[in-house]
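# Fold and contact review
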Amino acid sequence: MNERILEGALNVFKEKGPKFTMDDLASEMKMSKKTIYTVFNDKNELMCEMVDYAFNIIKEEEDKVYKNDKLSTVEKLRGILVVLPENSYGFDYAAMQQMAEKYPMAHEKLNNRLESGWEKTFDLLNMGMEEGKIRKINLEIFKLIYGSSVERLLMGDFLKESKMDYPTALKEVVDVLIDGILIKEK
């Protein structure tokens, strides 16, 4: 039941952003608000759980990429950095900014999840450096650049102003991070 409600909440969030009501969710789920409140005490708790649920799906997808023996180290790195749950396409990530105002605990959880879980990425970066495929870099600087870019995409107005969706913008960020800005001479 918990997972089903979180899936419904993600769908409603995709449509209406964090301003969705519990009535909206109940309508989406075709169940009573009372039933939802037996699982979640309030919308704050629901929003926090929704952030964790979405990030857990992302981590599962990262694991699939990381364990895929058919991919090179650099392909795995690129894959992990752009991974999104399949159901997130079309998701209005810019609406995440609105969470900070009304749901600060969920917003803080979002920021904490963005800051954690770097072990696989760092492992791949180190492997790439050992293989001679990636130049020696400071891992914390890489994390800072990537994390700041993702945060600006999620929390800023760039997506709305550029009329770019989050998956496209994230791929562009990763392409610049991995491929750089220099044109390779042939």
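Note that the coordinates shown come from a computational prediction; the quantities given were computed from them, not determined experimentally.

### A few points about helix H1 (residues 2-16)
A rise of 1.5 Å per residue sets the reference length of H1, with its 15 residues, at 21 Å; its end C-alpha atoms lie 21 Å apart and thus fit the reference within 8%. Among all positions in H1, only Ile5, Leu6, Gly8, Ala9, Leu10, Val12 and Phe13 are buried. A positive phi of about 75° marks Gly17, the residue just after H1.

### Considering the packing of helix H7 (residues 104-115) against helix H9 (residues 139-155)
Where H7 meets H9, the closest approach of the two axes is 10 Å, and the angle between their N-to-C directions is 150°. With respect to H9, the element H7 is oriented roughly antiparallel. In this structure, H7 meets H9 at a crossing whose hand is right-handed. Here His107, Leu110, Asn111, Leu114 and Glu115 of H7 lie close against H9, whose contacting residues are Lys143, Val150, Leu154 and Met155. Here the contact of H7 with H9 is composed, by residue class, of 5 nonpolar, 2 polar and 2 charged.

### What about helix H11 (residues 166-179)?
Taking 1.5 Å as the rise per residue, H11 with 14 residues should run 20 Å; its terminal C-alpha atoms sit 19 Å apart, in good agreement. Looking only at H11, the buried set comprises Tyr166, Pro167, Ala169, Leu170, Val173, Val174 and Asp175. Where the residues of H11 are buried, they touch helix H5 (73-82), H9 and helix H10 (158-162). After H11 finishes, the residue Gly180 shows a positive phi value of roughly 75°.

### Thoughts on the pattern of salt bridges
In the structure shown here, the tally under the stated rule is 11 salt bridges. Two residues, Glu62 and Lys59, come together in a salt bridge whose shortest N-O distance is 3.2 Å. With a gap of 3 residues between them, Glu62 and Lys59 both fall in helix H4 (residues 43-66), about one helical turn apart. What makes Glu62 buried here is its relative accessible area of 9%.

### A word on the UniProt feature "domain: HTH tetR-type" (unreviewed entry) in the protein
Per the UniProt record, "domain: HTH tetR-type" (unreviewed entry) is annotated on residues 1-58. Helix makes up 79% of residues 1-58 and strand makes up 0%, while its end C-alpha atoms are separated by 20 Å.

### A few points about the layout of surface pockets
Counted as a void, the largest pocket has a volume near 510 Å³. Every residue lining the largest pocket is counted, 21 residues in all, and those nearest its centre are Arg135, Ile137, Leu177, Ile178 and Gly180. Residue assignment for the lining of the largest pocket shows that the elements contributing at least two residues are H5, H9 and H11. For the lining of the largest pocket, the class distribution of residues is 14 nonpolar, 3 polar and 4 charged.

Quick notes on the rules
- Every chain is numbered on its own, with residues counted from 1 as its sequence reads.
- Residue-level local features of this predicted model are given only where pLDDT is at least 70; pairs of side-chain atoms are given and counted only at 80 or more, and the full residue set underlies all totals for whole chains, interfaces and linings.
- Hydrogens and water molecules were not included; the side-chain quantities draw on all heavy atoms of the structure.
- By the criteria applied, helices consist of DSSP H or I runs no shorter than four residues and strands consist of E runs no shorter than two, each listed in order from the N terminus.
- One less than the residue count of a helix, multiplied by 1.5 Å, gives the span that helix is expected to have.
- To sort residues, take the accessible area from a 1.4 Å probe on protein chains only and compare it with the maximum for the residue type: under 20% means buried, over 50% means exposed, and anything in between is partly exposed.
- For helices, the axis comes from a line fit to the C-alpha atoms of the stretch in contact; other axes are also lines fit to C-alpha atoms, and the angle between any two N-to-C directions lies between 0 and 180 degrees.
- Should an angle fall under 35 degrees it is taken as roughly parallel, and over 145 as roughly antiparallel, whereas 65 to 115 is taken as roughly perpendicular and any remaining angle as oblique.
- Helix crossings fall into two classes, left-handed where the near helix is turned counterclockwise from the far one by less than a right angle and right-handed where it is turned clockwise.
- Every residue pair with non-hydrogen atoms within 4.5 Å of one another is taken to be in contact.
- Classes in brief: Ala, Val, Leu, Ile, Met, Phe, Trp, Tyr, Cys and Pro nonpolar; Asp, Glu, Lys and Arg charged; the others, Gly included, polar.
- A pairing counts as a salt bridge when a side-chain nitrogen of Lys or Arg comes within 4 Å of a carboxyl oxygen of Asp or Glu.
- UniProt positions are given in the numbering used here, feature names are shortened, and annotations may be inferred rather than shown by experiment.
- Definitions used throughout: a 1 Å grid over protein atoms alone; a cavity as a set of points that fits a 1.4 Å probe which cannot get out; a pocket as an open set with protein on both sides within 12 Å along at least five of seven lines; a lining residue as one with an atom within 4 Å of a point.
- Grid points are joined across faces, edges and corners, and a volume is the space filled by probe spheres set on the points.

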